[in-house]
Amino acid sequence: TESKYSRRGENLQARSTELGSAVTGSSLTAVLPASTTVKKSIVLSHESRKELDKQAKVTKEERRAQIDGRHKYLISRLADGIDLSDQHVEEAIISDDNFQLIELFFAPSGLKKLLFFYQDVFQRKSNASLRSDGSTNSLPQKKLFITTGSTEDFTGTCAFFLRTSDEAITASNVSQEVNFGMLDCSNGNILQGLEFFLSQIMIPALKSQQNWGAVKEGLKNSQIQDFLYSVDKFVHTLSSSRQNIEDKIQLTKVDIDTYVSNLQNPSDYISAG
């Protein structure tokens, strides 16, 4: 009998040990791995950031090695036009996610235009400036970046390069095949910027141009005169439209209850009407 109870006690002890292990194991699985996972995610996140920074640095150096006479021509025009240093412009270009658009612009039958915006963009502050609620502040900062012109609002200065042929752009022909221009639309006033660009830059340049390609007699040609007249007319219409928009009537909200409460008799209603 004693041995039977002894064996039964051993069985119960073994089962309780297994149960305890199961419970303890499940508890540790439920509690410990959570904190461990958090620590791992933090470590991985830190390692991932370091790896991304490393890859970004490698990419920038690879792009810097690709800079040749064509890129330097673009950089020089941008630096002069926007009043930045060549180094500032180069750093902005090789850091840009749209860097490949430059190569597409240089390619045979490539992109016909290459756009750069220089304007305020909102950038996050460092982690040290996190608010107590975990949110971040954003500050506007001037930035030069490559764009297609279809994804960002245009609120500052646009510098553009235009191709005049389908030939591959080389270091020897870039100054002849690529035209540079700028459109200043500070504070997002695009109509005023376009009006200034056409009236003060493009029209004077067209009216002083002597070589019109296959068209003979230059400015004496009736087709050229009709074209210049149409451009002048467009600028005049643009200016009138802009002024009408700027001089539009501003409607303000009126608190009607204040006026109604002051109406006491029929004569007040007649006067209000």
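See the structure shown above.
Residues numbered from 1 in each chain as written. Predicted model: local features only at pLDDT ≥ 70, side-chain atom pairs only at ≥ 80, totals over all residues. Heavy atoms only, no water.

Draft legend 1. Spatial organisation of the overall build of the protein. In terms of regular secondary structure, the protein is built from nine helices and four strands. Counting from the amino terminus, the protein carries its helices and strands in the arrangement α-α-α-α-β-β-β-α-β-α-α-α-α. Long-range contacts, defined as pairs at least 24 residues apart, comprise 61% of the intrachain contacts of the protein with a sequence gap of at least 6. With the model as given, the accessible surface of the protein reaches about 19,400 Å², and the carbon-plus-sulfur share is 54%. (Helix = DSSP H or I, 4+ residues; strand = E, 2+ residues; numbered from the N terminus. Contact = heavy atoms within 4.5 Å. Areas by Shrake-Rupley, 256 points an atom, 1.4 Å probe, with all protein chains shown as cover.)

Draft legend 2. How the structure looks around the environment of Lys220. Looking at the element boundaries, Lys220 is found in the loop between helix H6 (190-208) and helix H7 (222-246). On the basis of relative accessible area, Lys220 is assigned to the exposed category, the value being 70%. Here the alpha-carbon distance between Lys220 and Gln210, two residues 10 residues apart in the chain, equals 9.9 Å. (Buried < 20%, exposed > 50% of the residue type's maximum accessible area, 1.4 Å probe, protein only.)

Draft legend 3. Region of interest: the pattern of salt bridges. Across all of its chains, the model carries nine salt bridges by this definition. Of the charged contacts, one joins Arg64 and Glu90 as a salt bridge, the two residues approaching to 3.1 Å between their closest N and O atoms. Of this pair, Arg64 sits in helix H1 (residues 2-66) while Glu90 sits in helix H3 (residues 86-94); the two residues are 26 residues apart in sequence, bridging distant segments of the chain. With a relative accessible area of 21%, Glu90 lands in the partly exposed category. Sharing partners across several salt bridges, the network here consists of Lys60, Glu61, Arg64, Glu90 and Glu91. (Salt bridge = Lys/Arg side-chain N within 4 Å of Asp/Glu carboxyl O.)

Draft legend 4. Quick peek at H6. Between its first and last C-alpha atoms H6 spans 26 Å; for 19 residues at 1.5 Å apiece the expected length is 27 Å, and the two agree. In H6, a bend of some 35° at Leu198 exceeds every other bend along the element. Within H6, the full set of buried residues consists of Gly193, Glu195, Phe197, Leu198, Ile203 and Leu206. The inward-facing, buried residues of H6 contact strand E3 (157-163), strand E4 (178-184) and H7. (Expected span 1.5 Å × (residues − 1). Bend = angle between axes of the 7 residues up to and from the residue.)

Draft legend 5. Quick look at unusual backbone geometry. Its identity as a non-glycine residue notwithstanding, Asp83 has a phi of 65°, on the positive side. Along the chain, Asp83 turns up in the loop between helix H2 (69-82) and H3. The phi dihedral of Glu217 is positive, around 70°, even though this residue is not glycine. With respect to the element layout, Glu217 can be found in the loop between H6 and H7.

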